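What follows is each chain in one-letter form.
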Amino acid sequence: QVQLVESGGGLVQAGGSLKLSCAASGRTFSKQAMGWFRQAPGKEREFVAGITWGGGMTRYAGSVKGRFTISRDNAKNTVYLQMSSLKPEDTAVYYCAARSGVAVSSSLGEYAYWGQGTQVTVSS
């Protein structure tokens, strides 16, 4: 089992920045690829960014590429999502997720463990 706890969400004006954190505990964190997903009201949960277990490879959704950066610190069992140039359409609940494999995946079904989510609201 892996337990994931997100933090860092909040209210920010358009153009601002936020940094989300996801603290993991339980199974060996460093052997798992991690991802960030988000779900806006009335919409399906969607992939935002992912990172391999070693941190050497990342993947981003087209809508956030160039604005968001995913990173991880395996010594701290923590994965981060630095969000910049935020837009109102980035408003959503952001979820951290872990999968058993080491490769990045954008598919929700590939992730076995999920956090409770943290709300990000971007005002115009």
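Here, the structure is the one placed above.
The notes below deal with the structure included here. (Residues numbered from 1 in each chain as written. Predicted model: local features only at pLDDT ≥ 70, side-chain atom pairs only at ≥ 80, totals over all residues. Heavy atoms only, no water.)

**Here's the deal with the nonpolar core**
Grouped burial of nonpolar side chains is what soluble globular proteins tend to show.
Argument step 1. Residues Leu4, Trp36, Leu81, Met83 and Tyr94 are the most contacted members of the largest nonpolar core, which totals 32 residues.
Argument step 2. Those residues within four positions of Tyr94 in sequence are excluded, and the remaining contacts are Glu6, Leu20, Trp36, Phe37, Arg38, Val48, Phe68, Leu81, Met83, Gly117, Thr118 and Val120. (Core = buried A, V, L, I, M, F, W, Y, C linked by side-chain atoms within 4.5 Å. Buried < 20%, exposed > 50% of the residue type's maximum accessible area, 1.4 Å probe, protein only. Contact = heavy atoms within 4.5 Å.)

**Overview of the packing of aromatic side chains**
Argument step 1. Tallied over the full model, the rule gives 4 aromatic pairs.
Argument step 2. We note Arg45 situated over the ring of Tyr95; from NZ or CZ to the ring centre the distance is 3.6 Å.
Argument step 3. When the ring centre of Trp114 is taken as reference, the NZ or CZ atom of Arg45 above it lies at 5.0 Å. (Phe/Tyr/Trp six-rings, centres within 6.5 Å; stacked < 30°, edge-to-face > 60°. Lys NZ or Arg CZ within 6 Å of the ring centre and 35° of its normal.)

**Digging into the state of the cysteines**
Argument step 1. Per the stated rule, a full pass over the model turns up 1 disulfide.
Argument step 2. Paired by a disulfide, Cys22 and Cys96 hold their sulfur atoms 2.1 Å apart. One disulfide, between Cys22 and Cys96, carries an S-S torsion of -80° and so falls in the left-handed class. Residue Cys22 is located in strand S3 (residues 18-26), and its partner Cys96 is located in strand S9 (residues 92-98); the two are separated by 74 residues in the primary sequence.
Argument step 3. Note on Cys22: relative accessible area 0%, which makes it buried.
Argument step 4. Residue Cys96 is classed as buried on the basis of its relative accessible area, which comes to 0%. (Disulfide = S-S within 2.5 Å. Helix = DSSP H or I, 4+ residues; strand = E, 2+ residues; numbered from the N terminus.)

**Here's the deal with the sheet that holds strand S8 (residues 78-83)**
Argument step 1. Spatial strand order, S1-S3-S8-S7: 4 strands in an open sheet with antiparallel pairing. Each having just a single partner strand, strand S1 (2-7) and strand S7 (68-73) make up the two edges of the open sheet. Strand-to-strand twist across the sheet, computed as the mean angle between neighbouring axes with direction ignored, equals 15°.
Argument step 2. Across 6 bridges, S7 lies against S8 in antiparallel orientation. Bridging from a neighbouring strand, Thr69 pairs with Gln82 of S8. (Pairing = 2+ DSSP bridges. Axes fitted to C-alpha atoms, helices over the stretch in contact; angles between N-to-C directions.)

**Digging into the pattern of salt bridges**
Argument step 1. In this structure the tally under the stated criterion is 4 salt bridges.
Argument step 2. A salt bridge links Glu46 to Arg38, with the shortest nitrogen-to-oxygen separation between them at 2.7 Å.
Argument step 3. Residue class for Glu46 comes out partly exposed when judged on its relative accessible area of 37%.
Argument step 4. Among the salt bridges present, the one from Arg99 reaches Glu110, with a minimum N-O distance of 2.7 Å. Pair noted here: Arg99 is in the loop between S9 and strand S10 (113-114) and Glu110 is in the loop between S9 and S10, with a separation of 11 residues, a long-range link.
Argument step 5. According to the relative accessible area criterion, Arg99 is buried, its value standing at 12%.
Argument step 6. Taking the relative accessible area as the measure of exposure, Glu110 reaches 39% and is therefore partly exposed. (Salt bridge = Lys/Arg side-chain N within 4 Å of Asp/Glu carboxyl O.)

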